[in-house]
Amino acid sequence: SNMQPLLEVEGLKKTYPGFQLNGVSFSIYEDCITGFIGANGAGKTTTIRSILHLISHEAGTIKFKGKDISKTEKSFKDSIGVVFDEGFFYDELTLTQMKNLIASSYSHWDNGAYTHYLDAFSLRPDQTISSLSRGMKMKFSLALALSHHAELLIMDEPSWGLAPILVTEMFQTIEMIRDRGTAILIVEQNVGKTLSISDWGYVI
């Protein structure tokens, strides 16, 4: 299609001792679920960290809505939600305390949306992070990511360690989010489990 990609990664390079990311290129379009599949050590996390500007890359460009993200970092970070495999959560805080820390960094934080998702995911605001199971942490992470109206959701290994029934439930949630117009990038290594999901945009 001739529509402009939401996120465009071109010629991304990064070298570590014993590891090289060599010229990774892909595009993500609105309303699509895109799978970024690769074996452990293939450079998936390095690619994601480059996109999030957590590490610098040696070559290549990353554009969001046609603009280089290094020039629009604040608005880019406002537009993406990240669900990491374990999250950056402080165990001793309650969900509300953790949310307050995170909400302050977004210009479009929507507390009504947050309350809605917490409810939808059966999470209680007064629970502590340490009391959450892995699946609940994932849902809390999703609730946070969805509450600032992110246009792109990046999920790192979302089904890792989840029971199959939870994986199914998680993908139903993801498809519901996609139907609302959010683009989703899912980074996974387990191709078998991931590719049984019908109706994906495409797989990198």
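Residues numbered from 1 in each chain as written. Predicted model: local features only at pLDDT ≥ 70, side-chain atom pairs only at ≥ 80, totals over all residues. Heavy atoms only, no water.

Visitor: Please clarify how helix H5 (residues 134–146) should be interpreted in this entry.
Guide: In an α-helix, one turn spans 3.6 residues; hence positions three or four apart end up facing the same way. Helix length check: H5 (13 residues) gives 18 Å between terminal C-alpha atoms against 18 Å at 1.5 Å per residue, within 8%. Of all the residues in H5, the buried ones are Gly-135, Lys-137, Met-138, Lys-139, Phe-140, Ser-141, Leu-142, Ala-143, Leu-144, Ala-145 and Leu-146. Looking at the packing, one finds that the buried side of H5 touches strand E6 (80–83), helix H3 (95–103), helix H4 (111–120), strand E7 (152–156) and helix H6 (164–179). (Helix = DSSP H or I, 4+ residues; strand = E, 2+ residues; numbered from the N terminus. Expected span 1.5 Å × (residues − 1). Buried < 20%, exposed > 50% of the residue type's maximum accessible area, 1.4 Å probe, protein only. Contact = heavy atoms within 4.5 Å.)

Visitor: What is the right way to look at the confidence of the model for the chain in this model?
Guide: For residues with low pLDDT, the predicted coordinates do not support detailed interpretation. Of the residues in the chain, 83% reach a pLDDT of 70 or more, and the chain-wide mean stands at 80. In the predicted structure, residues 193–204 sits below a pLDDT of 50 and forms 33 contacts with residues beyond four places in sequence or in another chain. (pLDDT = per-residue confidence, 0-100.)

Visitor: Looking at this model, I keep getting lost on the pattern of salt bridges. Mind explaining?
Guide: For side chains bearing opposite charge, pairing can occur when the charged atoms are close. A complete count under the given rule lists 3 salt bridges for this structure. Among the salt bridges present, the one from Lys-65 reaches Glu-151, with a minimum N-O distance of 2.8 Å. With Lys-65 in the loop between strand E4 (59–64) and strand E5 (67–68) and Glu-151 in the loop between H5 and E7, this residue pair connects regions lying 86 residues apart in the sequence. By relative accessible area, which is 40% here, Lys-65 ends up partly exposed. Classification of Glu-151 as partly exposed rests on a relative accessible area of 27%. In this structure, the salt-bridge partner of Asp-78 is Lys-74, at a minimum N-O distance of 3.7 Å. (Salt bridge = Lys/Arg side-chain N within 4 Å of Asp/Glu carboxyl O.)

Visitor: Would you mind going over unusual backbone geometry with me for this structure?
Guide: Most of the time, phi is negative for any residue but glycine, and the peptide bond is trans. At Ser-122, a residue that is not glycine, the phi angle is positive and equals roughly 55 degrees. The topology assignment puts Ser-122 in the loop between H4 and H5. Residue Ser-122 is classed as exposed on the basis of its relative accessible area, which comes to 62%. A positive phi angle, near 55 degrees, is found at His-149, a position not held by glycine. Relative to the helices and strands, His-149 resides in the loop between H5 and E7.

Visitor: Is there a simple way to think about the packing of H3 against H4 in this case?
Guide: Between two packed helices, both the angle of their axes relative to each other and the distance between the axes serve to describe the pair. Remark: H3 packs on H4, axes separated minimally by 13 Å, with the N-to-C direction vectors making an angle of 145 degrees. Where H3 crosses over H4, the handedness of that crossing is right-handed. Counting all contacts with H3, which are made through Leu-95, Thr-96 and Lys-99, the residues of H4 involved are Asn-111, Tyr-114 and Leu-118. By residue class, the composition of the contact of H3 with H4 is 3 nonpolar, 2 polar and 1 charged. (Axes fitted to C-alpha atoms, helices over the stretch in contact; angles between N-to-C directions. Left-handed = near helix turned anticlockwise from the far one by under 90°. Nonpolar A, V, L, I, M, F, W, Y, C, P; charged D, E, K, R; others polar.)

Visitor: How should I be thinking about the sheet that holds E4 in this particular structure?
Guide: Through backbone hydrogen bonds, the strands of a sheet pair up, either in parallel or in antiparallel fashion. Sheet architecture is open: 4 strands sit in the order E2-E1-E4-E5, paired in antiparallel fashion. Either end of the sheet is taken by a strand with one partner, and the two such strands are strand E2 (19–28) and E5. Note that strand E1 (residues 7–16) and E4 share 5 bridges and pair antiparallel. Note on E4: the bridge partner recorded for Leu-7 is Phe-64. (Pairing = 2+ DSSP bridges.)

Visitor: Please clarify how the side chain of Thr-182 should be interpreted in this entry.
Guide: Tracing the sequence through the fold places Thr-182 in the loop between H6 and strand E8 (183–188). When sequence neighbours within four positions are dropped, the list of residues in contact with Thr-182 reads Asp-31, Cys-32, Ala-150, Glu-151, Leu-152, Leu-153 and Ile-177.

Visitor: Mind showing me how you'd approach the nonpolar core here?
Guide: Counting residues in each nonpolar core, the largest one holds 33 residues, and the members touching the most others are Leu-95, Phe-140, Leu-142, Leu-153, Met-155, Ile-174 and Ile-184. When contributions to this core are tallied by element, the ones reaching two or more residues are H3, H4, H5, E7, H6 and E8. Tallying contributions element by element places H5 first for this core, with 7 residues. Leu-7, Val-9, Leu-152 and Ile-154 belong to the second largest nonpolar core, which has 22 residues in total. (Core = buried A, V, L, I, M, F, W, Y, C linked by side-chain atoms within 4.5 Å.)

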